[in-house]
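A structural walkthrough
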Amino acid sequence: MRLPLRALAACSLLASVAFGEEKGPTIDNEVGDQLVARQCGGSGCAEGLLEVQNHEHTSFVAWGCELNEATVKQLDMEPRRFWSCCVEHDLCYQSCGIPKSTCETMWQKCARKRCKGKRWCAEILKAFDYAYNKLECQQFDDRRKESCVCSAPGDTAHASRVKFLQAVYTKVGMAEKDPEDILKKWNDKEGLLTLRLVEKYQSTLVKILEHEPEEAPQSSTESSTGAAAAGKEDLKALIEEDL
């Protein structure tokens, strides 16, 4: 996430006026020696080619939610509540093969899980949803340019995926892992495999560009216990997953 939350809230109020039901912008995306038009959230590869991870790119970045102190105070919210959801969203944008719309759906599911019926939550999610769906086309495009290459389907794409997994497992000190075995288990879900792999080995593969906020003091009306527990459950599931 790159935009301050207060700006997102203001943008959400202008959404219907500025965009209505219009489609997102078309962005030029140079892939190799080709120049293809990328509709917001679409593939940057020419027809017949697949978007796969670049095995030379195993360093990922995440911005978190960028919640400043004034915003937190203004909205009477706990800064850590959505942190893991924002990080997952940033990493999803860098997971080749996952459509942008799926990244937004994953964000919504994660964030709503942490809302726990809080009075401010619906408006905050509305602002985030608007920003992610309408304002982040360029960010999505930029992240995919950095992380992905275009490949012919079949053996060529498979070989690229094997190289990427070998590079990742070597980087995290698990070179003995068999990429072929992992790819069989995640057949047709290679983009999600990348996301879960990067999340699991986040300490080695991901550079967090904004520090996670400290735990906010509990008040009589708000408690972060439920949100924190949800985050721990998600992390536990990832650790137990065979990746």
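Residues numbered from 1 in each chain as written. Predicted model: local features only at pLDDT ≥ 70, side-chain atom pairs only at ≥ 80, totals over all residues. Heavy atoms only, no water.

**Here's the deal with the overall build of the chain**
In terms of helices and strands, the chain carries 11 helices and 6 strands. By residue count, 46% of the 243 residues in the chain fall in the buried class. Working note: accessible area of the chain is about 12,600 Å², and carbon and sulfur atoms make up 52% of it. (Helix = DSSP H or I, 4+ residues; strand = E, 2+ residues; numbered from the N terminus. Buried < 20%, exposed > 50% of the residue type's maximum accessible area, 1.4 Å probe, protein only. Areas by Shrake-Rupley, 256 points an atom, 1.4 Å probe, with all protein chains shown as cover.)

**Some details on the state of the cysteines**
In the structure shown here, the tally under the stated rule is 4 disulfides. Residue pairing for C96: its cysteine sulfur links by disulfide to C148, the two sulfurs lying 2.0 Å apart. Across the S-S bond of C96 and C148 the torsion is about -100 degrees, and the bridge reads as left-handed. In this pair, C96 sits in the loop between α3 (83–92) and α4 (100–115) while C148 sits in strand β5 (residues 148–151), placing the two residues 52 residues apart along the sequence. The exposure classification of C96 matches that of C148, with both residues buried. (Disulfide = S-S within 2.5 Å.)

**Let's talk about the pattern of salt bridges**
Following the criterion strictly, the structure yields 8 salt bridges and no others. Note that R143 is salt-bridged to E146, the shortest N-O span being 2.9 Å. On the criterion of helical spacing, the pair formed by R143 and E146 is a turn pair, its members being 3 residues apart in helix α6 (residues 137–147). Residue class for E146 comes out partly exposed when judged on its relative accessible area of 37%. Here E190 and R161 are joined by a salt bridge, their closest N and O atoms 3.9 Å apart. (Salt bridge = Lys/Arg side-chain N within 4 Å of Asp/Glu carboxyl O.)

**Examining the confidence of the model for the chain**
Low pLDDT means the predicted coordinates in that region are not meant to be read closely. Model confidence for the chain is summarised by a mean pLDDT of 74, while 64% of its residues fall at 70 or above. Scored below 50 in pLDDT, residues 4–37 shows 67 contacts in the model against residues more than four places distant or in partner chains. Contacts of residues 216–228 to residues separated by more than four positions or lying in other chains number 19 contacts, the stretch itself having pLDDT below 50. (pLDDT = per-residue confidence, 0-100. Contact = heavy atoms within 4.5 Å.)

**Concerning α4**
The first and last C-alpha atoms of α4 sit 23 Å apart over 16 residues, in line with the 22 Å expected at 1.5 Å per residue. Three or more residues of α4 are buried, namely K100, C103, E104, M106, W107, C110, A111, R114 and C115. Two residues or fewer past α4, K116 is found with a positive phi of approximately 55 degrees. (Expected span 1.5 Å × (residues − 1).)

**Some details on the packing of aromatic side chains**
Going through the model one piece at a time under the given rule, you end up with 1 aromatic pair. Ring centres of Y93 and F140 lie 5.1 Å apart, and the angle between their planes is 90 degrees; on these two criteria the pair is classed as edge-to-face. In this pair, Y93 is assigned in the loop between α3 and α4 and F140 in helix α6, connecting sequence segments 47 residues apart. The exposure class assigned to F140 is buried, which follows from its relative accessible area of 0%. Sitting over the face of the ring of W186, K189 holds its NZ or CZ atom 5.6 Å from the ring centroid. (Phe/Tyr/Trp six-rings, centres within 6.5 Å; stacked < 30°, edge-to-face > 60°. Lys NZ or Arg CZ within 6 Å of the ring centre and 35° of its normal.)

**Points about the nonpolar core**
In terms of nonpolar packing, the biggest core is built from 42 residues, with F82, W107, F128, L165 and L205 touching the most fellow members. Looking at this core, the elements that each hand over two or more residues are β4 (60–62), α3, α4, α5 (121–135), α7 (155–171), α8 (179–185) and α9 (190–200). Those residues in contact with L205 that lie beyond four places of it in its chain are T58, S59, F60, V168, K171, V172, L197 and V198. (Core = buried A, V, L, I, M, F, W, Y, C linked by side-chain atoms within 4.5 Å.)

**Thoughts on unusual backbone geometry**
Backbone geometry places D188, a non-glycine residue, at a positive phi of 70 degrees. Topologically, D188 is positioned in the loop between α8 and α9.

**Let's talk about α9**
Across the 11 residues of α9, 9 count as buried, placing the element largely inside the fold. Along α9, the positions that sit buried rather than exposed are E190, G191, L193, T194, L195, R196, L197, V198 and E199.

**Re the layout of surface pockets**
Of the volumes computed, that of the second largest pocket is approximately 220 Å³. Surrounding the second largest pocket, 18 residues form its lining, C96, K189, E190, G191 and L192 being those nearest its centre. Secondary structure elements with two or more residues in the lining of the second largest pocket: β3 (50–53), α7 and α9. For the lining of the second largest pocket, the class distribution of residues is 8 nonpolar, 5 polar and 5 charged. (1 Å grid on protein atoms, 1.4 Å probe; cavity = no way out; pocket = protein on both sides within 12 Å on 5 of 7 lines; lining within 4 Å. Points joined across faces, edges and corners; volume = space filled by probe spheres on them. Nonpolar A, V, L, I, M, F, W, Y, C, P; charged D, E, K, R; others polar.)

**Considering the packing of α3 against α9**
Contact pair α3 / α9: the axes reach a minimum separation of 10 Å and the direction vectors enclose 130 degrees. By the criterion of interaxial angle, the relationship of α3 to α9 is oblique. Between α3 and α9 the crossing geometry is right-handed. Within the contact between the two elements, α3 uses E88, L91 and C92 and α9 uses L195, R196, V198 and E199. Of the residues in the contact of α3 with α9, the class split is 4 nonpolar, no polar and 3 charged. (Axes fitted to C-alpha atoms, helices over the stretch in contact; angles between N-to-C directions. Parallel < 35°, antiparallel > 145°, perpendicular 65-115°, else oblique. Left-handed = near helix turned anticlockwise from the far one by under 90°.)

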